[in-house]
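Examination of the molecular architecture
Here is how the chains run, residue by residue.
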Amino acid sequence: MPRAVVTLLSVVVLLLLGTAAPARAHGADAKPEATDYRTAITAVTPSTDDVTVRVIENGARLELRSNTDRDVEVRGYSGEPYLRISADGLWTNTRSPATWINATADGKSPVPASARVDTAAAPEWQKVSSERVVRWHDHRSHWMSTSPPPAVTADPSSSHRIASWAVALVVAGGPTTVSGTLDYEPPPTPTLWWAAVALAAAALFAVTYFWGRRPAARRLVAGALAVAALAELADAVGRTIVAGSTGFGVVTGVLTGQGVGLLVSLAALAAAVVTVRGAEAGPFALAFAGVCLALLGGLPDYETFAHAVPAVPWSGPVARLLTVALLGFSLGAALSGWWWLLQARRAAQSSPAAAGEPADVPGAH
């Protein structure tokens, strides 16, 4: 095997071992998850350009960005001042229960005894940052319970409007309301999508089994692995966008928050190039990269098959088809690579030299 390929794969393994835990160690408060509930903002009343409000993290948080030098306030659950964005940054009222309740997505974060929570008391503002943007778990806008709503329990196969919600703001001294909806969407049937993964992997391996000696077969398998790598890159970008990144922040978000997916995708693309060029290391590269891409890139996306709303900005069917390509083609490429390695080993063992038989030397009698 060429030394360059061995070095590349060794570096990838070390990077994966060094980054896998941090990239997956964050909880639901920092990573968008697939869900069966869709949160949407329907109106900001009265309409204003002074603030921009949007849903991020697949409904787990709301984001408010101030576009004015005048104060913007978010009201808490009892109408008390909760958050304030001023010209010098973001502040939170430590007397508001929302400051502590909204610390986690489930609303179960403890309130410190020193907080002196009192919705009727004058605010005690504590500076959070110098940024003029805030993201928070607003429990009016997402479903918090682990049990479904009664309507969903009664008819889980139909869509339901769970709630219409509103968040009160004070923008430049005037009352403003952010209105939205929370809907339930019935989940897909996971078995069908896993069957599609198995079919894709089997079809790719069949190409190897029946036509594996043809150069076109290796190019086809390498191309399929490249498609799987691109699907994982798309998933990494999509999750970063849903997490709230925009512009160049998407690039830095992928680098810092989707490091595992990025690394296994690059390794798979490198393996595809090595295979297309006909290098001896091609089969091993396919097997190694295919397994890594399937286990570290595709398998964590199993939630896409089980929930209606994926953790990416495109539709559920598109997200599930990309996951099928990611898992099916990476597993198929891994199986193909190991098959070619096995065939090469069998061929080497059956050769006259490997069997200890004298070679047929021309001219010998």
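What this report covers is the structure whose coordinates are included nearby. (Residues numbered from 1 in each chain as written. Predicted model: local features only at pLDDT ≥ 70, side-chain atom pairs only at ≥ 80, totals over all residues. Heavy atoms only, no water.)

Together, W194, V291, L295, L299, Y302 and W338 line one region of the surface with nonpolar side chains, adding up to about 590 Å² of accessible area. Note on placement: V291 falls in helix 8 (residues 282-298). (Patch = residues over 30% accessible without salt bridge, like charges linked within 9 Å, V, L, I, M, F, W, Y side chains within 5 Å. Areas by Shrake-Rupley, 256 points an atom, 1.4 Å probe, with all protein chains shown as cover. Salt bridge = Lys/Arg side-chain N within 4 Å of Asp/Glu carboxyl O. Helix = DSSP H or I, 4+ residues; strand = E, 2+ residues; numbered from the N terminus.)

So, on to the packing of helix 4 (residues 190-211) against helix 5 (residues 215-242). With their axes 10 Å apart at the nearest point, helix 4 and helix 5 run at an angle of 165 degrees to one another. In terms of orientation, helix 4 and helix 5 fall into the roughly antiparallel class. Every pair of crossing elements has a handedness; the one defined by helix 4 and helix 5 is left-handed. In contact with L204, V207, T208 and W211 of helix 4, helix 5 contributes A217, L220, V221 and A224. Within the contact of helix 4 with helix 5, the residues separate by chemical class into 7 nonpolar, 1 polar and no charged. (Axes fitted to C-alpha atoms, helices over the stretch in contact; angles between N-to-C directions. Parallel < 35°, antiparallel > 145°, perpendicular 65-115°, else oblique. Left-handed = near helix turned anticlockwise from the far one by under 90°. Contact = heavy atoms within 4.5 Å. Nonpolar A, V, L, I, M, F, W, Y, C, P; charged D, E, K, R; others polar.)

The end-to-end C-alpha separation of helix 7 (residues 259-276) is 26 Å, in line with the 26 Å expected for 18 residues at 1.5 Å each. By the criterion of burial, helix 7 is predominantly enclosed, with 13 of the 18 residues buried. Immediately downstream of helix 7, the backbone of G278 shows phi near 80 degrees, a positive value. (Expected span 1.5 Å × (residues − 1). Buried < 20%, exposed > 50% of the residue type's maximum accessible area, 1.4 Å probe, protein only.)

Below, the discussion takes up the side chain of E80. Examined against the element boundaries, E80 turns out to sit in the loop between strand 4 (72-75) and strand 5 (81-86). Only 3.0 Å separates the side chain of E80 from the backbone nitrogen of S78, close enough to count as a polar contact. Those residues in contact with E80 that lie beyond four places of it in its chain are V74, R75, S96, P97, A98 and T119. (Polar contact = N/O pair within 3.5 Å; in protein donor to acceptor, adjacent residues only side chain to side chain.)

The next point concerns unusual backbone geometry. With an omega dihedral of -5 degrees, the bond running from T45 to P46 counts as a cis peptide bond. Along the polypeptide, P46 turns up in the loop between strand 1 (37-45) and strand 2 (51-56). Its identity is not glycine, yet E57 carries a phi of approximately 55 degrees, on the positive side. Looking at the secondary structure, you find E57 in the loop between strand 2 and strand 3 (61-66). Phi at N58 takes a positive value of approximately 60 degrees, unusual for a residue other than glycine.

With that settled, the discussion passes to the pattern of salt bridges. The tally for this structure, following the rule as stated, stands at 13 salt bridges. The salt bridge partner of D69 is R132, with a shortest N-O separation of 3.3 Å. Here the residue D69 occupies a position in the loop between strand 3 and strand 4, and R132 occupies one in the loop between strand 7 (125-129) and strand 8 (133-136), the gap between them amounting to 63 residues. A relative accessible area of 25% places R132 in the partly exposed class.

What follows concerns the side chain of E73. Topologically, E73 is positioned in strand 4. Judged by its relative accessible area of 16%, E73 is buried. In contact with E73, not counting residues within four places along its chain, are P81, L83, R84, W125, A168, L169 and V170.

Moving on, we get to the sheet that holds strand 8. Here 3 strands make up an open sheet; going across it, the order is 2-3-8 and the pairing antiparallel. Where the open sheet ends on each side, the last strands, each with one partner, are strand 2 and strand 8. Taken pair by pair, the neighbouring strands of this sheet meet at an average axis angle of 15 degrees, ignoring direction. Pairing analysis gives 6 bridges linking strand 2 to strand 3, with the strands arranged antiparallel. Across the sheet, V53 pairs through a bridge with L64, a residue of strand 3. (Pairing = 2+ DSSP bridges.)

Judged by nonpolar contacts, the single largest core of 23 residues is most densely connected at L64, V74, V134, W136, V167 and L169. Every element with two or more residues in this core is listed here: strand 2, strand 3, strand 4, strand 5, strand 8, strand 9 (160-171) and strand 10 (174-184). Top contributing element to this core by residue count: strand 9, with 4 residues. When residues no more than four places from it in sequence are discounted, the contact partners of L64 are V51, T52, V53, V72, V74, I85, R132, V133, V134, W136 and L169. Of all hydrophobic cores here, the second largest spans 19 residues; its members include V221, A228, A285 and F288. (Core = buried A, V, L, I, M, F, W, Y, C linked by side-chain atoms within 4.5 Å.)

The next subject is the packing of aromatic side chains. One pass over the structure, following the stated rule, counts 10 aromatic pairs. Seen from their ring centres, W194 and F305 are 5.1 Å apart, and the 80 degrees between their planes marks the pair as edge-to-face. Placement of W194 in helix 4 and of F305 in helix 9 (residues 303-306) is noted, with a sequence separation of 111 residues between them. You can call F305 buried: its relative accessible area is 0%. On the numbers, 6.1 Å between centres and 20 degrees between planes, the contact of F284 with F288 is stacked. Here F288 and F284 lie together in helix 8, a separation of 4 residues that amounts to about one turn. By the ring-pair criterion, three or more aromatic residues cluster together here, those being F205, Y209, F210, W211 and W339. Across from the ring centre of W125, 4.8 Å away, lies the NZ or CZ of R84, which sits over that ring. Cation over ring: R218 sits above W340, and NZ or CZ is 4.8 Å from the ring centre. (Phe/Tyr/Trp six-rings, centres within 6.5 Å; stacked < 30°, edge-to-face > 60°. Lys NZ or Arg CZ within 6 Å of the ring centre and 35° of its normal.)

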